[in-house]
Amino acid sequence: MPIMFFLLVFLFLTAPAKAVSAETWGPWSVSDNAPVLMMKADRRTAPTDPASRPVPSVAATPFLWLLSFYQHVVGPVVSGRCNMHPTCSRYSVESIRKHGPVIGIVMTADRMMHELDEQDLAPLIKVGNRYRYSDPVENNDFWWYSQ
Amino acid sequence: MRNRFVLLLFLMLFCGRAVVAEEIPAQKMISFADSLFEKGDYYRAITEYERVIFFYPDHPLALTARFRIAHCYLKGDRLDQAIDRFRALSMELPQEEVGRRAYFMLGEAYYQKREYSRAADIFETYIETYPGDERIDAARIKIGWSHLRQGQWRQAAEEFQKLPPDSPLHAPAEGLAEGSEKYPGIPTKSPALAGGLSAVLPGAGQLYINRPGDAVVSFLLNGAFIWATVEAFHHDNNVTGGILLFFESGWYLGNIYNAVNGANKYNRRTEQQFLDGLQDKYRVSYLYDGHGGSMVAFTMRF
């Protein structure tokens, strides 16, 4: 009986969350003069729907574990240094999920090398309470698809 | 005491009736919604337009409200919702002015969504379906822009040149046709050459694509790891050498990817700057005229 109750509560809590995503459900605004909860800049940094994320391959899993270890154990100690959005570790996770471990690691190396010049070119966006330079994975693999 | 209670009850009922008696006409409702639209508060404007539709579903302004809801989504960067709304309106009322406008804006929504091929198809269909419409010339310019955004500068120039000399948009179209001819002259960097240079000497490709910071980082990182790897093997520390080689292979491939990626980003940026410059110089936009209608306007920067 308690299990049934727990399952019902769980279903009640998770069902609406699945139907609603940050992109399609308001309130939203594109103007600073008419602020509501979800501004355009917030949408760019809003967490994506987990269902739309690429499923990692088996080969990618150990790398993702290592990155998760870095993010949860090492990251909090050395956090605040990265000026980019997403942060390099987050970028690495996204690129490995999207392209697999080999290309993902190469793209991570590229990201760590191009931070310096990218800060003169990338748009500045507000993430939480600080400004960061926007440089998502799509900014560095767009040419794979456009040619 | 009883009399006081009856008096109070009577007063409350009377006041209640006075409040309920006031009804807001559709025109006032839509004016309020328009004021929110003008302020850029599209989310709240949609609610107010929906209110007009709910309270006055058969009023002529209900159609205006539906069009403006779609326009709010377009201006609010909710392009999928805008497309759905414009499409529904244009399919429902293809022979009405609001339906024609909605179809034009459907093309505009696809253009803003960067689905240029689809946008061009819609504007082509618009020209075929409504040959005498006042927005034909604007549709041609949009087709030209859709081609230009896809790099098809010859087709774009041809499309811009189709505008008749008596058209109010003829002058900007001529300028756009001339501008399109300059498309092949946009400065570009070869991704293959950048990658090749970096393969030979880490950092060289980055210098070629004008990214000196990346070049220094790439050269130092690769140099340090290659030197450490060689030293490790030289001193028979094969395990350390292997680990360093593993890391260095990542840096080395990352360096090549960095050069190729940088060249592609450079090309995208110069193309974007060229097109944005052209668009700023001969801007054709779709505006409200302040009296409930809409119009095509153009501005030229000298």
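Coordinates for the structure precede this section.
This section reports on the structure supplied with the text. Just so it is clear, the structure is predicted and the values come from calculations on it, not from any experiment.

What follows concerns the pattern of salt bridges. All names here are of chain B. Tallied over the entire structure, the rule returns 24 salt bridges over all chains. Across the pair K113 and E115 runs a salt bridge, and its minimum N-O distance is 3.2 Å. In this structure, E115 and R118 form a salt bridge, with 3.6 Å as the shortest nitrogen-oxygen distance. Given a relative accessible area of 25%, E115 falls into the partly exposed group. Each of the salt bridges in this network shares a partner with another, and the network as a whole consists of E97, R100, R101, D133, E134 and R135.

Between two packed helices, what matters for the description is the angle formed by their axes and the separation of those axes. Residue and element names in this part refer to chain B. Interaxial distance between helix α7 (residues 116-129) and helix α8 (residues 136-149) falls to 9 Å at its minimum, and their mutual angle equals 155 degrees. Judged on the interaxial angle alone, α8 and α7 are roughly antiparallel. For the element pair α7 and α8, the recorded crossing hand is left-handed. Of α8, the residues touching α7 (which contributes Y116, A119, A120, F123, E124, Y126 and I127) are I136, A139, R140, K142, I143, S146 and R149. Looking at side-chain class alone, the contact of α7 with α8 contains nine nonpolar, one polar and four charged residues.

Our next topic: the side chain of H147(B). All names here are of chain B. Tracing the sequence through the fold places H147 in helix α8. Assessed through its relative accessible area of 16%, H147 is described here as buried. Not counting residues up to four positions away in its chain, the partners in contact with H147 are Q152, Q155 and A156.

Looking now at the packing of aromatic side chains. What the rule picks out here adds up to 13 aromatic pairs over all chains. Between W143(A) and Y257(B), the ring centres sit 5.4 Å apart and the planes meet at 45 degrees, which makes this aromatic pair tilted. You can see W143(A) sitting in helix α6 (residues 138-146) and its partner Y257(B) sitting in helix α14 (residues 238-281), one on each of two chains. Side by side, W143(A) and Y257(B) carry an identical accessibility label, which is buried. Taking the centre distance of 5.3 Å and the plane angle of 75 degrees together, the rings of F37(B) and Y42(B) count as edge-to-face. What links up through ring pairs into an aromatic cluster is the set Y103(B), F104(B), F123(B), Y126(B) and Y130(B). Between R101(B) and the ring centre of F67(B), over which it is positioned, the NZ or CZ distance is 4.6 Å.

Below, the discussion takes up the packing of α8(B) against helix α9 (residues 153-161) of chain B. Residue and element names in this part refer to chain B. Between α8 and α9, the shortest axis-to-axis distance is 7 Å and the interhelical angle comes to 170 degrees. Of the possible angle classes, the one that applies to α8 and α9 is roughly antiparallel. The segment α8 lies against α9, with R140, I141, I143, G144, W145, H147 and L148 engaging W153, Q155, A156, E159 and F160. Residue composition of the contact of α8 with α9, grouped by class: seven nonpolar, three polar and two charged.

What counts, and where the lines are drawn
Residues numbered from 1 in each chain as written. Chains lettered and ligands numbered in written order. Predicted model: local features only at pLDDT ≥ 70, side-chain atom pairs only at ≥ 80, totals over all residues. Heavy atoms only, no water. Salt bridge = Lys/Arg side-chain N within 4 Å of Asp/Glu carboxyl O. Buried < 20%, exposed > 50% of the residue type's maximum accessible area, 1.4 Å probe, protein only. Axes fitted to C-alpha atoms, helices over the stretch in contact; angles between N-to-C directions. Helix = DSSP H or I, 4+ residues; strand = E, 2+ residues; numbered from the N terminus. Parallel < 35°, antiparallel > 145°, perpendicular 65-115°, else oblique. Left-handed = near helix turned anticlockwise from the far one by under 90°. Contact = heavy atoms within 4.5 Å. Nonpolar A, V, L, I, M, F, W, Y, C, P; charged D, E, K, R; others polar. Phe/Tyr/Trp six-rings, centres within 6.5 Å; stacked < 30°, edge-to-face > 60°. Lys NZ or Arg CZ within 6 Å of the ring centre and 35° of its normal.

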